[in-house]
Amino acid sequence: MSENILLQEWTGPFQGVPAFDKMNLKDLKPALEKGMELKLKEIDAIALTKEAPTFENTIVPLEKSGEVLDRVLVYYRIFSSNVSSPEYREVQAEMVPKLSEFDSKIQQNEALFKRIKTVYDNSLITPLENDQQRVVQLIYEGFAMNGAELDEIKKKRYAAINKELSSLYTNFANNVLADEENYVVYLTKDELGGLSDSFIKSMAKIASDKGEEGKYAVPNTRSYMDPFLTYSTERTKREQVWKNYYSRGDNGDEFDNNKNVVKILQLRKERVELLGFDNFGDWRLQNRMAKTPENAMNLLNAVWPSAIARVAEEVADMQAVANAEGANITIEPWDYRFYAEKVRKQKYDLDSDEVKQYLQLNKLTEALFFVAAEVFNYDFKPVAEGSVPVFNEDVKVWEVTNKTTGEHIGLWYLDPFARKGKRSGAWATTYRDYSTFNGKKNVLASNNSNFVKPAPGEALLVSWDDATTFLHEFGHALHFFASNVKYPTLNNGVRDYTEFQSQILERWLSTDKVINQFLVHYKTGEAIPAELVKKIKNAATFNQGFVTTEYLASAIMDMKFHMADPTKLDVDAFEKETLAALNMPKELVMRHRTPHFGHVFSSEGYATAYYGYMWADVLTADAAEAFTEAPEGFYDKELAEKMVRYLFAPRNAMDPAEAYRLFRGRDAEIDALMRDRGFPVSK
Ligand SMILES: [Zn+2]
């Protein structure tokens, strides 16, 4: 097709794979432009067809369109999330508004929408096959929700708003990244109290990379902030690290995000008002499981009082420890993790560092494969070295097959380590989704995390929380692999439902079979002692005040910001007042403060949707109880098969509430979630 590698058909084994080893940033812009041009041509061809609109001549080609662009976007996302650079960010800043304009051109193509609407209207009279009916409905609603029915003047404004928003999102994310890179706390040799050897080594390496030989650097990211605040005995340094982290995007300098937040909220409100909605939440939640912001808020409000009551108990426990040690302090937010860890040791006799000795990343990876085999009937085998291109030597690839039939399902890419230019946190994504309508496609899925890379030859030991997250992201990958949908649109996630599949997978970490086989000591190879496991299970509800409250505060804030009048909004003041009205305990903060709440402001991904984690957790806790009650527990074949069939394989081909009823025989209830967190259950 052209010299540009990013445009080319994927070649090689496994139905073709991305040429990650050959990608070059200079190709990105021309490839995106060409990809958009090709897709617009395809769209025009559909829109200008003379024949009367049918599923076959309208929806099918629409589902097929954009194949080249989809391939380019895979590279684009790798440049963005895994190997970002200042040069990339320049390309991104230029291309983001162009991509937004491109989307608008399709969403607002009147001739195309007319055809879609005709197919949809006809389907209400003469229904199509079930999955086709769902595809038409989702596509029609997607267009209608995004302004296809507006008049010309409103359409223009709608597109202009989206274009402006897209740039604001990029700017928001880059500001946070800048503050993560620019604020580093340096320690001297005598300020390393409480920190583990491997952590110290990695801090030393980062300091020397930054030209501060002989010092120790604490980068301003969650993977460093969290362990540092948990273990460091240097209280003033803890305060400094805490302040840097929770001030990201809020430093009153060129990277400050407060103005961006206001502008984003104003534009979002104006945009949904064009469609006749009062606020962004009403618009956003109409096709979500929760349906309305009120339903979502009811859940958050139901859990909030128990969460802050538990914080008060946790703080009292921590203050007692501090007093007994003769530390003349009042618990402040930068003390919470540190003293919580001491309480954990005292109350539950549980030492996170001791637990870590049994949590090696490579063993946990084996545990993932074991669960995938037992529950999903999948087999994971490493591909031959060098047979599948990767964008970094640390990325490893496995082939996934059906354990019984040997049928090929896809490839799993794992990019485990933190590096400069990689976004923080952990996530799962796909390079290719399953579908069958245009030839059977295999799945290329990836998991990404930010573990601190160990020195050569050393085991990578992780915390219980990080191990849980590792399973969580793998749950997303399994959800991709399990897909059995015919049409691509049916792969789309429902935001307050797609965390269920990942959260439920976390539950296998503490099953006996995983514990006994994979949680083994990194030196002796001995399985984790039963006594220690008992302690971990006893401590499962430990610190739930902190965890639940920091999450809920962010989830509630997300909703409140989008329900508020943004005309004269002062972000910091609004945040403060809202928290005060909630009686937010002063000893902790929101998990994501507003000026760096990327879930909500660096894209629309989780805007009025952060509640979705808890919404999904209601399902998770309830479904987990189904496994507890099953004859073979979490390895009950019949229940596992039911879960895969109804809750994983259909993706969005089935209404989630209906799918859940097919699995459980009833709707999910909140009680299981309250029990899980050790909160009182009302009945
Ligand atoms: Zn997730």
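Residues numbered from 1 in each chain as written. Predicted model: local features only at pLDDT ≥ 70, side-chain atom pairs only at ≥ 80, totals over all residues. Heavy atoms only, no water.

## Comments concerning the overall build of the protein
Okay, step 1: The helix and strand tally for the protein stands at 27 helices and seven strands.
Okay, step 2: Expected size for 683 residues packed as a compact globule is a radius of gyration near 26 Å; at 25 Å, the protein falls within 12% of this value.
Okay, step 3: The C-alpha extent of the protein, read off along each of the three principal axes, is 85 × 60 × 60 Å.
Okay, step 4: Within the protein, the fraction of its 683 residues that count as buried is 57%.
Okay, step 5: For the protein, restricting intrachain contacts to residue pairs at least 6 apart in sequence, the fraction spanning at least 24 positions comes to 75%.
Okay, step 6: Only carbon and sulfur atoms are counted for the fraction: they give 50% of the accessible area of the protein, which is about 29,100 Å².
Okay, step 7: Mean positive and mean negative side-chain charge positions of the protein (84 and 102 charges, respectively) differ by 2 Å. (Helix = DSSP H or I, 4+ residues; strand = E, 2+ residues; numbered from the N terminus. Rg over C-alpha atoms; globule rule 2.2 N^0.38 Å. Buried < 20%, exposed > 50% of the residue type's maximum accessible area, 1.4 Å probe, protein only. Contact = heavy atoms within 4.5 Å. Areas by Shrake-Rupley, 256 points an atom, 1.4 Å probe, with all protein chains shown as cover. Lys, Arg positive; Asp, Glu negative; His and termini not counted. Charge placed at Lys NZ, Arg CZ, Asp CG, Glu CD.)

## What to know about helix H8 (residues 197–209)
Okay, step 1: End to end, H8 covers 18 Å across 13 residues, agreeing with the expected 18 Å (1.5 Å per residue, within 8%).
Okay, step 2: Of all the positions in H8, only Phe199, Ile200, Ser202, Met203, Ile206 and Ala207 are classed as buried. Looking straight down H8, one finds that the buried residues subtend no more than 165 degrees of arc, so they occupy a single side. Summarising the geometry of H8, the exposed residues directed more than 90 degrees from the buried face are Asp197, Lys205 and Asp209.
Okay, step 3: Along its buried surface, H8 packs onto strand S1 (185–187), strand S2 (216–218) and helix H9 (222–231). (Expected span 1.5 Å × (residues − 1). Arc of directions from axis to C-beta.)

## Things to note about the environment of Thr126
Okay, step 1: Secondary-structure assignment places Thr126 in the loop between helix H5 (110–125) and helix H6 (130–145).
Okay, step 2: Once the C-alpha coordinates of Thr126 and Gly142 are considered, the two residues, 16 residues apart in sequence, prove to be 21 Å apart.

## Some details on the environment of Asn251
Okay, step 1: Mapped onto the fold, Asn251 is located in the loop between helix H10 (235–246) and helix H11 (258–274).
Okay, step 2: Taking C-alpha positions, Asn251 is 40 Å from Asn362, a pair spaced 111 residues apart along the chain.
Okay, step 3: Other than its neighbours up to four places away in sequence, Asn251 contacts Asp179, Tyr183 and Asp256.

## Some points on helix H26 (residues 656–664)
One turn of an α-helix holds 3.6 residues; hence residues three or four places apart share an orientation.
Okay, step 1: When we look at burial in H26, the residues that qualify are Pro656, Ala659, Tyr660, Phe663 and Arg664. An end-on view of H26 places all buried positions within 120 degrees of arc, on one side of the element.
Okay, step 2: Of the surrounding secondary structure, the elements contacted by the buried residues of H26 are H6, helix H24 (612–629) and helix H25 (637–648).

## Quick notes on the coordination of the zinc ion
A four-donor tetrahedral metal ideally has 109.5 degree angles, and a six-donor octahedral metal ideally has angles of 90 or 180 degrees.
Okay, step 1: Coordination of the zinc ion by the protein involves His472 (NE2), His476 (NE2) and Glu499 (OE), with metal-donor separations of 2.1 Å.
Okay, step 2: Taken in sequence order, the residues that donate to the zinc ion follow the motif H-x3-H-x22-E. Of this pair, His472 sits in helix H17 (residues 464–482) while Glu499 sits in helix H18 (residues 498–506), placing them 27 residues apart in sequence. (Donors = N, O, S within 2.8 Å, 3.2 Å for Na, K, Ca; no water.)

## A word on the pattern of salt bridges
Okay, step 1: Under the counting rule described, the total for this entry stands at 48 salt bridges.
Okay, step 2: Through salt bridges with shared partners, a single ionic network connects Lys29, Glu33, Glu94 and Lys98. (Salt bridge = Lys/Arg side-chain N within 4 Å of Asp/Glu carboxyl O.)

## Structural notes on the packing of helix H1 (residues 28–47) against helix H4 (residues 86–107)
Axes are the key here: two packed helices are described by the angle between their axes and the distance separating the axes.
Okay, step 1: For the pair H1 and H4, interaxial distance at closest approach is 10 Å and the crossing angle is 5 degrees. When the axis of H1 is compared with that of H4, the two are roughly parallel. Between H1, through Leu28, Lys29, Leu32, Glu33, Met36, Lys39, Leu40 and Ile43, and H4, the contact on the second element is made entirely by Tyr88, Val91, Glu94, Met95, Lys98, Leu99, Phe102, Lys105 and Ile106. (Axes fitted to C-alpha atoms, helices over the stretch in contact; angles between N-to-C directions. Parallel < 35°, antiparallel > 145°, perpendicular 65-115°, else oblique.)

## Notes on the packing of aromatic side chains
Okay, step 1: Scanning all chains against the criterion turns up 47 aromatic pairs.
Okay, step 2: A ring pair is formed by Phe369 and Trp412, whose centres lie 5.7 Å apart and whose planes are at 85 degrees; its orientation type is edge-to-face. With Phe369 in helix H16 (residues 361–376) and Trp412 in strand S5 (residues 408–417), this residue pair connects regions lying 43 residues apart in the sequence. Neither Phe369 nor Trp412 differs from the other in exposure class; each is buried.
Okay, step 3: Among the aromatic residues, those joined into a ring-pair cluster are Phe369, Phe380, Trp398, Trp412, Phe474 and Phe481.
Okay, step 4: The ring of Tyr186 has Lys215 lying over it, and the distance from NZ or CZ to the ring centre is 5.9 Å.
Okay, step 5: It is Arg271 that lies over the ring of Trp283; its NZ or CZ is 5.0 Å from the centre. (Phe/Tyr/Trp six-rings, centres within 6.5 Å; stacked < 30°, edge-to-face > 60°. Lys NZ or Arg CZ within 6 Å of the ring centre and 35° of its normal.)

## With respect to the nonpolar core
Okay, step 1: Core analysis: the biggest nonpolar cluster contains 146 residues, and Trp412 and Trp508 have the highest contact counts within it.
Okay, step 2: Looking at which element gives the most residues to this core, the answer is helix H13 (residues 293–324), with 13 residues.
Okay, step 3: The contacts of Trp508, once residues within four sequence positions are left out, are Val371, Val375, Leu471, Val514, Phe627, Phe634, Tyr635 and Met643. (Core = buried A, V, L, I, M, F, W, Y, C linked by side-chain atoms within 4.5 Å.)

## Focus on the environment of Val375
Okay, step 1: Tracing the backbone shows Val375 in helix H16.
Okay, step 2: On the basis of relative accessibility, which here comes to 8%, the residue Val375 falls in the buried class.
Okay, step 3: Counting along the chain gives 244 residues from Val375 to Leu619, while the straight-line C-alpha distance between them is 18 Å.
Okay, step 4: Leaving out residues up to four positions away in the same chain, Val375 has contacts with Trp508, Phe634, Ala640, Met643 and Val644.

## So, unusual backbone geometry
Okay, step 1: Its identity as a non-glycine residue notwithstanding, Asn377 has a phi of 65 degrees, on the positive side.
Okay, step 2: Note on placement: Asn377 falls in the loop between H16 and strand S3 (378–382).
Okay, step 3: Taking the relative accessible area as the measure of exposure, Asn377 reaches 24% and is therefore partly exposed.
Okay, step 4: One non-glycine residue, Thr608, adopts positive backbone phi at about 45 degrees.
Okay, step 5: As for its position among the elements, Thr608 is in the loop between helix H23 (598–601) and H24.

## Some points on the packing of H17 against H25
Okay, step 1: Where H17 meets H25, the axes come as close as 10 Å, and the angle between the chain directions of the two elements is 80 degrees. Viewed along their axes, H17 and H25 adopt a mutual orientation that is roughly perpendicular. On H25, the residues that touch Gly475, Leu478, His479 and Ala482 of H17 are Val644, Leu647 and Phe648.
Okay, step 2: For the contact of H17 with H25, the residue count by class is five nonpolar, two polar and no charged. (Nonpolar A, V, L, I, M, F, W, Y, C, P; charged D, E, K, R; others polar.)

## Things to note about a negative patch on the surface
Okay, step 1: Side chains of Glu9, Glu42, Glu67 and Asp70 sit close together on the surface and give a patch of like negative charge.
Okay, step 2: Tracing the backbone shows Glu67 in helix H3 (residues 67–81).
Okay, step 3: Judged by its relative accessible area of 37%, Glu67 falls in the partly exposed class. (Patch = residues over 30% accessible without salt bridge, like charges linked within 9 Å, V, L, I, M, F, W, Y side chains within 5 Å.)

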